[in-house]
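# An overview of the molecular structure
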Amino acid sequence: MLGKGAVAVSLRGKDKDSILCVVAVDEKGVWVCDGRKRRLENPKLKNPKHLKALDRALSEEQMRTDKQLRKALNFNPEA
C-alpha cells in the first residue's frame, strides 16, 4: 500500500526506473515527486499499479523542500 511519504520505483512511463516519493493520495491515484524533474509544486499523478514500493518512507521534514527531497531520495536501493 502506497501512502504519503512512501518511496517507490516507477515501472511505466517516461519516468520508468526513477525513484519517486508519494506526496499525496486521492481517488484518482497517487501524486509523486522526485525534487528534480518533478518538483513539489508540480507533482505527477500516477497509477499505483505502475509503482513498486521500496522498504523506505520519508518524514514530513524530508519532504518539506525540493532540496531536502533530493537529498533524502539520493540512495542506492539495490544496496
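The rules behind the values
- Residues numbered from 1 in each chain as written.
- Predicted model: local features only at pLDDT ≥ 70, side-chain atom pairs only at ≥ 80, totals over all residues.
- Heavy atoms only, no water.
- pLDDT = per-residue confidence, 0-100.
- Helix = DSSP H or I, 4+ residues; strand = E, 2+ residues; numbered from the N terminus.
- Buried < 20%, exposed > 50% of the residue type's maximum accessible area, 1.4 Å probe, protein only.
- Pairing = 2+ DSSP bridges.
- Axes fitted to C-alpha atoms, helices over the stretch in contact; angles between N-to-C directions.
- Contact = heavy atoms within 4.5 Å.

## With respect to the confidence of the model for the protein chain
Per-residue confidence for the protein chain averages 91 on the pLDDT scale, and 94% of its residues sit at or above 70. Between the elements of the protein chain, mean pLDDT differs from a low of 92, seen in helix α1 (residues 66-73), to a high of 97, seen in strand β3 (residues 29-33).

## Let's talk about the environment of L11
Mapped onto the elements, L11 comes out in the loop between β1 (6-10) and β2 (19-26). Looking at L11, the relative accessible area reads 32%, which means it is partly exposed. Between the C-alpha atoms of L11 and K28, which are 17 residues apart in sequence, the distance is 18 Å.

## Looking at the sheet that holds strand β5 (residues 51-57)
Here five strands make up an open sheet; going across it, the order is β4-β3-β2-β1-β5 and the pairing antiparallel. Each of the sheet's edge strands pairs with one partner strand only, and the pair in question is β4 (44-46) and β5. Each strand of the sheet is rotated relative to its neighbour by a mean of 45 degrees, with strand direction disregarded. As judged from the three bridges shared by β3 and β4, these two strands associate in the antiparallel manner. Bridging from a neighbouring strand, V32 pairs with K44 of β4. Running over the sheet, α1 touches β1, β2, β3 and β5 and is turned about 125 degrees from β2.

## Points about unusual backbone geometry
A positive phi angle, near 70 degrees, is found at D17, a position not held by glycine. Its relative accessible area of 60% is what places D17 among the exposed residues.

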